[in-house]
Amino acid sequence: LQPHLAAAAFELALDPVGDALYFGSDIQRLADQLVARGQLRRRTGRDRMGKRGVRYTCEAENTPARAVGIRDVTDETVQLINATNGRILETMDAEAAPFKLYDGAVYMHQGRSYVVEDLNLKKLVALARKRKVN
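Source: prediction; values computed, not measured.

Focus on the overall build of the chain
Then step 1. When helices and strands are tallied, the chain shows four helices and seven strands.
Then step 2. Helices (α) and strands (β) of the chain occur, in sequence order from the N terminus, as α-α-α-β-β-β-β-α-β-β-β.
Then step 3. Expected size for 134 residues packed as a compact globule is a radius of gyration near 14 Å; at 20 Å, the chain overshoots this value by more than 25%.
Then step 4. Expressed as lengths along the three principal axes of its C-alpha atoms, the size of the chain is roughly 65 × 30 × 25 Å.
Then step 5. Per-residue burial for the chain yields a buried fraction of 32% across its 134 residues.
Then step 6. Considering only contacts in the chain between residues 6 or more positions apart, those separated by 24 or more positions represent 38%.
Then step 7. A distance of 4 Å separates the average location of the 21 positive side-chain charges in the chain from that of its 17 negative side-chain charges.

As C-alpha cells, then:
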C-alpha cells in the first residue's frame, strides 16, 4: 500500500482523515513511515478550503507511480522460477498466484510454455519447467 500512497501524494496532497476512506485507517502510520524514509513530506497547515490539518506530499522528481503495479493488490509477490536453471521467469501478486500458478497450470513466458510443478505460498515461490504442450 505504501507505494500507492507515494504515487497518490505525488498527484495531490494526502489528507489522512479524508483519504482514510480510500487507503484505510492506517494511512497516517504508513505515511509517517514513508516520511521517515524520505519518500513523503509531512506538512501542517490549511488546505485550499481553509481547513487545518496534516497533509502528506511527495516531491520526487519522477512519479512514484512507475514503480507501482496497478494489478498488485498486496505488497507480497510470488516469484515464478524456472525449475531447470533457477532463474526468475516472472513475479506476480500473491493474491493472483493461486489462480494462475496452480500445480499443472500452463504458463506462457516470452512465447515458451512452462508447466507449474509446485506453488508454495508460504515461501512465495512457484516452480515451473519448460514443456511443449498441445
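Considerations on the nonpolar core
Then step 1. Counting residues in hydrophobic clusters, the biggest one holds 14 residues, and the most contacted among them are Val78, Leu80, Ala97, Leu101, Val116, Leu119 and Ala126.
Then step 2. Contributions of two or more residues to this core are made by β3 (77-82), β4 (88-93), β6 (112-120) and β7 (125-130).
Then step 3. Looking at this core, the element that brings in the most residues is β6, giving three residues.
Then step 4. When residues no more than four places from it in sequence are discounted, the contact partners of alanine 126 are Val78, Gln79, Leu80, Ile81, Leu101, Asp118 and Leu119.
Then step 5. One finds Ile27, Ala31, Val54 and Cys58 within the second-largest nonpolar core, a separate group that totals 13 residues.

Describing the pattern of salt bridges
Then step 1. In total, this model carries eight salt bridges according to the counting rule given.
Then step 2. Between arginine 41 and glutamate 59 there is a salt bridge, and its shortest N-O distance comes to 3.4 Å. Of this pair, arginine 41 sits in strand β1 (residues 41-46) while glutamate 59 sits in the loop between β2 (52-57) and β3, placing them 18 residues apart in sequence.
Then step 3. Taking relative accessible area as the criterion, arginine 41 reaches 43% and is therefore assigned partly exposed.
Then step 4. Note that glutamate 59 and arginine 43 form a salt bridge whose closest N and O atoms lie 2.4 Å from each other. Of the two residues, glutamate 59 is situated in the loop between β2 and β3 and arginine 43 in strand β1; the sequence distance between them amounts to 16 residues.
Then step 5. Glutamate 59 sits in the partly exposed class, given a relative accessible area of 48%.
Then step 6. Here arginine 43 falls in the partly exposed class, since its relative accessible area comes to 34%.
Then step 7. Within this structure, Asp15, Lys51 and Arg55 form a network of salt bridges that share partners.

Let's talk about a nonpolar patch on the surface
Then step 1. On the surface, Val106, Met108 and Val133 cluster together into a nonpolar patch covering about 260 Å² of accessible area.
Then step 2. Considering the arrangement of structural elements, one finds valine 133 in the segment after β7.
Then step 3. Relative accessible area serves as the criterion here: at 41%, valine 133 is assigned to the partly exposed category.

Examining the environment of asparagine 85
Then step 1. Locating asparagine 85 in the fold gives a position in the loop between β3 and β4.
Then step 2. As for asparagine 85 and arginine 129, which are separated by 44 residues in sequence, their C-alpha atoms are 9.4 Å apart.
Then step 3. One polar contact links the side chain of asparagine 85 to the main-chain amide nitrogen of arginine 87, over a distance of 2.9 Å.

Looking at unusual backbone geometry
Then step 1. For glutamine 110, which is not glycine, the phi dihedral falls at a positive 50°.
Then step 2. Tracing the chain through its elements places glutamine 110 in the loop between β5 (106-109) and β6.
Then step 3. In this model, leucine 124 sits at a positive phi of 60°, which is unusual for a non-glycine residue.
Then step 4. As for its position among the elements, leucine 124 is in the loop between β6 and β7.
Then step 5. Leucine 124 sits in the partly exposed class, given a relative accessible area of 21%.

Cut-off values and rules
Residues numbered from 1 in each chain as written. Predicted model: local features only at pLDDT ≥ 70, side-chain atom pairs only at ≥ 80, totals over all residues. Heavy atoms only, no water. Helix = DSSP H or I, 4+ residues; strand = E, 2+ residues; numbered from the N terminus. Rg over C-alpha atoms; globule rule 2.2 N^0.38 Å. Buried < 20%, exposed > 50% of the residue type's maximum accessible area, 1.4 Å probe, protein only. Contact = heavy atoms within 4.5 Å. Lys, Arg positive; Asp, Glu negative; His and termini not counted. Charge placed at Lys NZ, Arg CZ, Asp CG, Glu CD. Core = buried A, V, L, I, M, F, W, Y, C linked by side-chain atoms within 4.5 Å. Salt bridge = Lys/Arg side-chain N within 4 Å of Asp/Glu carboxyl O. Patch = residues over 30% accessible without salt bridge, like charges linked within 9 Å, V, L, I, M, F, W, Y side chains within 5 Å. Areas by Shrake-Rupley, 256 points an atom, 1.4 Å probe, with all protein chains shown as cover. Polar contact = N/O pair within 3.5 Å; in protein donor to acceptor, adjacent residues only side chain to side chain.

Shape descriptors only; they carry no functional weight alone.
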